[in-house]
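Coordinates in review
Chain by chain, the residues run as shown.
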Amino acid sequence: KGIPVVTDDAGMHRVADANGIECWNTIKLLRAMETGGRINREQVVEILEYWQYENDLPMAIGKLRHTFREYFGAECPLEPP
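Let me begin by describing the structure that accompanies this report. Being a predicted model, the structure only gives us computed values, none of them experimental. (Residues numbered from 1 in each chain as written. Predicted model: local features only at pLDDT ≥ 70, side-chain atom pairs only at ≥ 80, totals over all residues. Heavy atoms only, no water.)

Structural notes on unusual backbone geometry
The bulk of non-glycine residues show a negative phi, and the bulk of peptide bonds are trans. This is how it is decided: Secondary structure elements follow DSSP: runs of H or I of four or more residues count as helices, runs of E of two or more count as strands, with numbering from the N terminus.
In this structure, N55 takes a positive phi of about 55 degrees despite not being glycine. In this structure, N55 sits in the loop between α3 (41-53) and α4 (61-72).

With respect to the packing of α3 against α4
Basically, it comes down to this: Working convention: axes come from line fits to C-alpha atoms, limited for helices to the stretch in contact. Angles between N-to-C directions cover 0 to 180 degrees. Under this scheme an angle from 65 to 115 degrees is roughly perpendicular, one under 35 degrees roughly parallel, and one over 145 degrees roughly antiparallel; angles in between are oblique. In this analysis, two residues are considered to be in contact whenever any of their non-hydrogen atoms come within 4.5 Å of each other. Residues are grouped as follows: Ala, Val, Leu, Ile, Met, Phe, Trp, Tyr, Cys and Pro are nonpolar; Asp, Glu, Lys and Arg are charged; all remaining types, including Gly, are polar.
At a minimum axis separation of 13 Å, α3 and α4 run at an interaxial angle of 170 degrees. As summarised for this structure, α3 and α4 are arranged roughly antiparallel, according to the angle between their axes. Where α3 abuts α4, its residues R41, V44, L48 and Q52 lie against I61, L64, F68 and F72. Residue composition of the contact of α3 with α4, grouped by class: six nonpolar, one polar and one charged.

Notes on the nonpolar core
A general feature of soluble globular proteins is that nonpolar side chains tend to end up buried together. How we decide: Nonpolar cores were defined as sets of buried Ala, Val, Leu, Ile, Met, Phe, Trp, Tyr and Cys residues, with membership established by side-chain atoms within 4.5 Å. Burial classification: accessible surface area is computed with a 1.4 Å probe over protein chains only, and a residue below 20% of its type maximum counts as buried, one above 50% as exposed, and the rest as partly exposed.
In terms of nonpolar packing, the biggest core is built from 13 residues, with I27, L30, V44, L48 and L64 touching the most fellow members. Elements represented by at least two residues in this core include exactly α2 (26-35), α3 and α4. Top contributing element to this core by residue count: α4, with four residues. Among residues more than four places away in sequence, those in contact with L30 are I39, V44, I47, L48, W51 and F72.

So, α4
Short version of the rule: Helix span, expected: 1.5 Å multiplied by one less than the number of residues in the helix. Note: the arc covers the axis-to-C-beta directions of the helix.
If you check α4, its first and last C-alpha atoms are 16 Å apart, about what twelve residues at 1.5 Å a residue would give, namely 16 Å. Along α4, the positions that sit buried rather than exposed are I61, L64, R65, T67, F68 and F72. Burial along α4 is one-sided: seen end-on, the buried residues are contained in an arc of 170 degrees. Exposed and oriented more than 90 degrees from the buried face of α4 are K63 and E70. The inward-facing, buried residues of α4 contact α2 and α3. With its phi angle positive at about 65 degrees, G73 sits one or two positions after the end of α4.

Remarks on the pattern of salt bridges
Pairing between side chains of opposite charge can happen when their charged atoms approach one another. Quick reminder of the rule: Whenever Lys or Arg places a side-chain nitrogen within 4 Å of a carboxyl oxygen from Asp or Glu, that contact is recorded as a salt bridge.
For the coordinates displayed, the defined rule picks out three salt bridges. Taking the shortest distance from any N to any O, the salt bridge between E34 and R31 comes out at 2.6 Å. Of the two residues, E34 and R31 are both situated in helix α2; the distance of three residues between them amounts to about one turn of the helix. Judged by its relative accessible area of 28%, R31 falls in the partly exposed class. Close ionic contact of E75 with R69 constitutes a salt bridge, the shortest N to O distance being 3.1 Å. The structure contains a network of salt bridges with shared partners spanning R31, E34 and R41.

Dropping the structure here:
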């Protein structure tokens, strides 16, 4: 279909890679939504804070902070516990 699959499940990423399917993590999706003008940085931060509050981060905090910096070019607003 020419659209990426979005998941944070490592197993699904492996399946997608094995089948030549483009696969994004949710941080990359948030960046695409921000770049497309669908959400702003404040909303991105709200989403991250909510995930942290719910103890449902899409990846370990260290990796999330690195990935955020990679996609957004800024320091991640979340602090390690």
